[in-house]
Amino acid sequence: MTKDHNYSAFEEYGGVKELSNLLKTNLEKGIGGDDADLHARRNAFGSNTYPRKKGRSFWMFLWEAWQDLTLIILIIAAVASLVLGIKTEGIKEGWYDGASITFAVLLVIIVTAISDYRQSLQFQNLNEEKRNIHMEVVRGGRRVEVSIYDIVVGDIIPLNIGNQVPADGVLVSGHSLAIDESSMTGESKIVHKDSRRPFLMSGCKVADGSGIMLVTSVGINTEWGMLMASISEDTGEETPLQVRLNGVATFIGIVGLTVAVAVLIVLLARYFTGHTKNSDGSRQFTAGKTSVSNAVDGAIKIFTIAVTIVVVAVPEGLPLAVTLTLAYSMRKMMADKALVRRLSACETMGSATTICSDKTGTLTLNQMTVVEAYVGGEKMDSANSSSQLPTTIVSLLTESIAQNTNGSVFTPVGGEDVEVSGSPTEKAILHWGLKLGMNFEAIRMESSIIHVFPFNSEKKRGGVALKLTNSEVHVHWKGAAEIVLSSCTRYMDLNDQVAALDEIKVMLFKKAIEDMAASSLRCVAIAYRTYDLKDIPTDEEQLTEWALPEDELILLAIVGLKDPCRPGVKNAVRLCQKAGVKVRMVTGDNLQTAKAIALECGILGSDADATEPNLIEGKDFRALSDFEREETAEKISVMGRSSPNDKLLLVQALKKRGHVVAVTGDGTNDAPALHEADIGLAMGIQGTEVAKESSDIIILDDDFASVVKVVRWGRSVYANIQKFIQFQLTVNVAALVINVVAAVSSGDVPLNAVQLLWVNLIMDTLGALALATEPPTDHLMDRTPVGRREPLITNIMWRNLLIQAVYQVCVLLVLTFRGRSLLNLKNDHANKVKNTLIFNAFVLCQIFNEFNARKPDELNVFEGITRNHLFMGIVGLTLVLQVIIVEFLGTFTSTVKLNWKQWLISIIIALISWPLAIVGKLIPVPTTPLSDYFHRIVCCCRRS
C-alpha cells in the first residue's frame, strides 16, 4: 500500500485510525516500547537497517598496490637479476640479488595495501556514524530519543522542518507539511502532504511545516532501503591537496625517469666504448672479444642501475602521506567531537580566514530559562509566579503556550517530575507555563487546532488558530518581541481589560525589550486575537492555503529568556583571532541581544566597537549594493535580525573578497549558506538533517570550542604534509645526486636496488606514518591561515631541504671516491665495506632528518617528542631493522658487517646534521615564494 501510494487501499483499511489499531498503536501515546514489544515488531516486520554492500577486500587493495609502474619495472628487473645471477654465479649464490629485490618489492606492496585497507575500513566506520541519525519518537505517551536504526513498525514520530523521514509511513496529522522527495524521485519538487496525500517515503526531508507519522515499513521493505542496499558509498574521494601532490609526485617521477634514461644512455655509451672497468682495472667490454652473452649481462646490469635511479626518484610516499594524515586526522577529530563528512574539509579548514558563527547553541549553552516577564503591561516581580496575575490573562497565556508549540509535556503516572521536550526556546516557555499553573493535557483537550503557521525564520514568528468548545476562535501568535509587538494594536492589562496600545505604552514596551536585550536576553512576545468561525475556509485545500490573521493582535506578555555563554568560548574566540581567523556572529536575535553576547564572548572588544558597520542589522546589509556589500562584509563582526538569505549574501560577499569562509548552522534555513561556504559546519545536537546534509563537518557537541579544534586539525593536516614533503625530497635529492654522479663517473652506484628499496620504505610508508600522525600543537595557532594558492614547498622548507641534501651529498660523495683511502680499507671486501658504510650513514642521516622535519621552523626539534609514541616507535623500529639488515642480512642486501668504529663513523655523520640544521634555521629566508622569482625570470626572458 505505502510502496505504491495506494490511497484506495488505505481507505479500505479504514484510514490511519484503523491502520494503527491493526498495528496495535495508540495514535496519541504510540507503542508501549518495552523490550518484548520491540522484539516482536522486529521479528514481524524487520529492523530499520539494510544490508550494506561489502567494501573492497584486502586482496583488491593488494592487486591495486602492485600495479604501480615503478614496482612493475622493479619486478622485471628482479626477474632479470635472478636469471643473470643464476647464469653467472650458479643457483647457490646467484639468486640473492633477484630474490632480495623481489622481497623488498613484496614488502612495499603489502605495507601499501595494509595502509589503504585500514583507511577504507575507517571511512566505512565514519560513514556508519554519519548515517546514525537520532530522532524523537512517542512511546508510552512520552517523547524519547532513539537511533534511526531502532525505529520499528507502529512507531509514532513527530516531524519538524529539517527532519529526515526515517521510514515509510502515513501521516497521522500535519500542518502545512511539505516534503522534499527529490532524493527518491529525482525531481526537485516540494510535495504537500495531507489526509488525501498521506504517504511518506523514507530518506526524504521535511521542507516545511510539521506533522506526526505512523511507521508502516522499515529497513529493506522501504524504497530507500532497497535503493541503499543496491549501492555502496564511494570513499575514493580525492581532496584538492591529494590532487596537487599527485601532480608533484608525477612531475618528480618524470624528472627522475628523464635522469635515469640519460644515465642509461651515458653508461651504455661508456660500456660499449670500453670506458667501464672492473675493480682490477680491466675493461668490461672489448669490441670483437667480449661474447654476446657477457655483453647482454653487462647491459642488464646497467639497466638495473637505471632502475635504481627511478626507484629513488619517484616519491610514491606523497599521496600515501596525505591519505594517512587525513585518515589519522579524521579519527582524532571524531574524538574532538567533529565528524568529517567530506575529506576536503579537513585541509580547507586550515586555510579558513573567517568563521560566521550562529549565536544560540554554538556560542551559548542553548539552555534557556525565562528570567524576566512583562504581563498586563507591567513587569512581574517574579517571572515564575502567577499570584499577581488575573485569571483571564493566565488562562489565555497557558492556552497559547500549550497549543502554539512544537514541544510536549509528559506527566508520569507516579507523580514524578514532568518531562518537557522540544527546542530550547519551546522548553523554556513550556516550563514557564507550568509555573503559571498550566495543565498541558487538559488545555489541549479543551480546544481543537484548526490551522497552524509553523515558526518561520523569515517572519520570525509562528501561530495557531484554535476552535474552543463554545465555537469561539482564538488565533495565537508567538515570536520575536519587536516583530509581534508591531502587529499589536491593544494589550490586556492587569484588570483583565483590553486597553488601546497608545504611543506611550508602545515606547514603554520597546524600552523593556531593549533593556532585556542589553542584558543578553532573548525577547519573545505572546499575543492573540479572536476571529469569526464563518470566515475560516471549510474546504481542506483552501484551509491549507489560508493565511492566519496577523493584524490587530492583543499583546499578552513579553518574556526574556536567558541563554548563558558556553564556558571557554571567550578563550576559543581569542585563540581564533590570534590565529588570524576573524569570528563573526550571525544571528536572528535582536541586535542588542547579539551585541551583549558578542561583548561577553570577546567577538566585540568594547562598546566602542559596537557601531556600524561592525554591528549591523540584516535588513540594512540586504539593502546595500553588491559593491557596498563586499566593502561592508569585510568589517562586520555582528549581524542581528538576519534572515537565511542575509547569511548567504554575507558568505558570498566574503568569498568575493578572497576569504576562505567557514559557516556554522543548525536550521534548514542555514542549508544554502552551509553549502555556499568553503567549509560548512552543522550542529550535531540541534542541527536538522537538511543542515547536516549540506555541511562538510558535523560538530557533535554544538560547541564553538570544537570548531576551533577543527581549525587546529585543518592546519595540522597541511603542516604534516609539508613536514613529509621536506623529509622525502631531502632523501630524493641526496640519493639521486649521489647515484647519478657515481654512475656517470665510475659506471657503478654505491646504493643498489635492494638498499634503495629499503630507503624507499623508510621514506614512503614509515616516514609518512611517523610524520603524518604528528598531533597539532598550539604553535600552529600562532601562524596566519595558509593561503589557497600558497606553494606546498615554502622558502623555509627549501632552505632546510637544500642544507641537509647538500651536506649528505658532499659527505657521501667524498666516501664514494675517497672512502677506501680515508678509512684505510685494503682487504678484498674494501669496496663492499665502503658501500655498506655509505648505505648505513645515509639511512642514519634520514632517521635524524625525520626529527628535523618535525619542526621545520623551530630550533628545538625534540620538543614534545616523548608524547608522540608512534613517532618514537617508528624511529626505534627503523634503527633495529637497519642493524638487522647490515649485520645479519648482508647476503640479500649486498652489505657486509661493520665494526664498531665504522658504526661510530656512520653515527657521527648523521649527528653532524643536527647542529647543521640549527645553524641553517638561523639563516633568514625571503618571504616571496621561489616560484614567484622563477616566474619573474621567465617573464624577463620572454620580454628580452
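Residues numbered from 1 in each chain as written. Predicted model: local features only at pLDDT ≥ 70, side-chain atom pairs only at ≥ 80, totals over all residues. Heavy atoms only, no water.

With respect to the overall build of the protein chain
Item 1. When its secondary structure is counted, the protein chain shows 34 helices and 26 strands.
Item 2. Oriented by its inertia axes, the alpha-carbon framework of the protein chain measures out at about 120 × 65 × 55 Å.
Item 3. Counting across all 944 residues of the protein chain, residues that qualify as buried make up 54%.
Item 4. Of the roughly 41400 Å² that the protein chain leaves accessible, carbon and sulfur atoms contribute 57%. (Helix = DSSP H or I, 4+ residues; strand = E, 2+ residues; numbered from the N terminus. Buried < 20%, exposed > 50% of the residue type's maximum accessible area, 1.4 Å probe, protein only. Areas by Shrake-Rupley, 256 points an atom, 1.4 Å probe, with all protein chains shown as cover.)

Section: the pattern of salt bridges
Item 1. The tally for this structure, following the rule as stated, stands at 33 salt bridges.
Item 2. With its nearest N and O atoms 2.8 Å apart, the salt bridge here joins Arg142 to Glu419. Taken together, the residues Arg142 in strand 2 (residues 142-147) and Glu419 in strand 13 (residues 419-421) connect sequence positions 277 residues apart.
Item 3. On the basis of relative accessibility, which here comes to 29%, the residue Arg142 falls in the partly exposed class.
Item 4. Residue Arg341 is joined to Glu693 by a salt bridge in which the shortest nitrogen-to-oxygen separation is 3.6 Å. Here Arg341, found in the loop between strand 8 (338-340) and helix 13 (344-348), pairs with Glu693, found in helix 26 (residues 689-694); they are 352 residues apart in sequence, far enough to count as distant.
Item 5. Each of Asp358, Lys647 and Asp670 takes part in one network of salt bridges that share partners. (Salt bridge = Lys/Arg side-chain N within 4 Å of Asp/Glu carboxyl O.)

Things to note about the packing of aromatic side chains
Item 1. Under the counting rule described, the total for this entry stands at 14 aromatic pairs.
Item 2. Considering the side-chain rings of Phe61 and Tyr117, the 5.9 Å spacing of their centres and the 65° angle between planes classify their relative orientation as edge-to-face. Of this pair, Phe61 sits in helix 4 (residues 58-65) while Tyr117 sits in helix 7 (residues 96-131), and the two are 56 residues apart along the sequence.
Item 3. Accessibility expressed as a relative area gives 6% for Phe61, which makes it buried.
Item 4. Taken together, a centroid distance of 5.3 Å and an interplanar angle of 80° make the contact between Phe851 and Phe871 edge-to-face. (Phe/Tyr/Trp six-rings, centres within 6.5 Å; stacked < 30°, edge-to-face > 60°.)

Focus on the sheet that holds strand 26 (residues 697-699)
Item 1. With mixed pairing, the eight strands of this open sheet are ordered in space as 8-26-25-24-9-21-23-22. What marks the edges here is a single partner per strand, and that holds for strand 8 and strand 22 (615-617). Averaged over all pairs of adjacent strands, the angle between strand axes in this sheet comes to 20°, irrespective of strand direction.
Item 2. Sheet topology places strand 22 next to strand 23 (residues 638-640); three bridges connect them, and they run parallel. Its bridge partner being in strand 23, Leu615 is matched across the sheet by Val638. (Pairing = 2+ DSSP bridges. Axes fitted to C-alpha atoms, helices over the stretch in contact; angles between N-to-C directions.)

Section: the environment of Gly154
Item 1. Structurally, the position occupied by Gly154 is in the loop between strand 2 and strand 3 (156-159).
Item 2. For Gly154, a relative accessible area of 0% corresponds to the buried category.

Comments concerning the nonpolar core
Item 1. Membership of the largest hydrophobic core comes to 147 residues, with the highest contact counts inside it found for Ile603, Ile679, Leu681, Ile697, Phe704, Ile725 and Phe842.
Item 2. Top element by residues in this core is helix 27 (residues 704-746). It accounts for 20 residues.
Item 3. Ignoring sequence-local partners within four residues, the contact set of Ile679 consists of Ala345, Thr348, Met349, Ala352, Val660, Val661, Ala662, Val663, Asp696 and Ile697.
Item 4. Judged by nonpolar contacts, the second largest core, of 32 residues, contains Leu389, Val409, Ile443 and Met492. (Core = buried A, V, L, I, M, F, W, Y, C linked by side-chain atoms within 4.5 Å. Contact = heavy atoms within 4.5 Å.)

What to know about unusual backbone geometry
Item 1. For the bond from Glu612 to Pro613, the omega torsion is 0°, close enough to zero to count as cis.
Item 2. Tracing the chain through its elements places Pro613 in the loop between helix 21 (591-601) and strand 22.
Item 3. The phi torsion at Lys460 lies on the positive side, around 55°, for a residue other than glycine.
Item 4. Within the secondary structure layout, Lys460 lies in the loop between strand 14 (447-456) and strand 15 (461-468).

That's the geometry; what it means functionally is another story.
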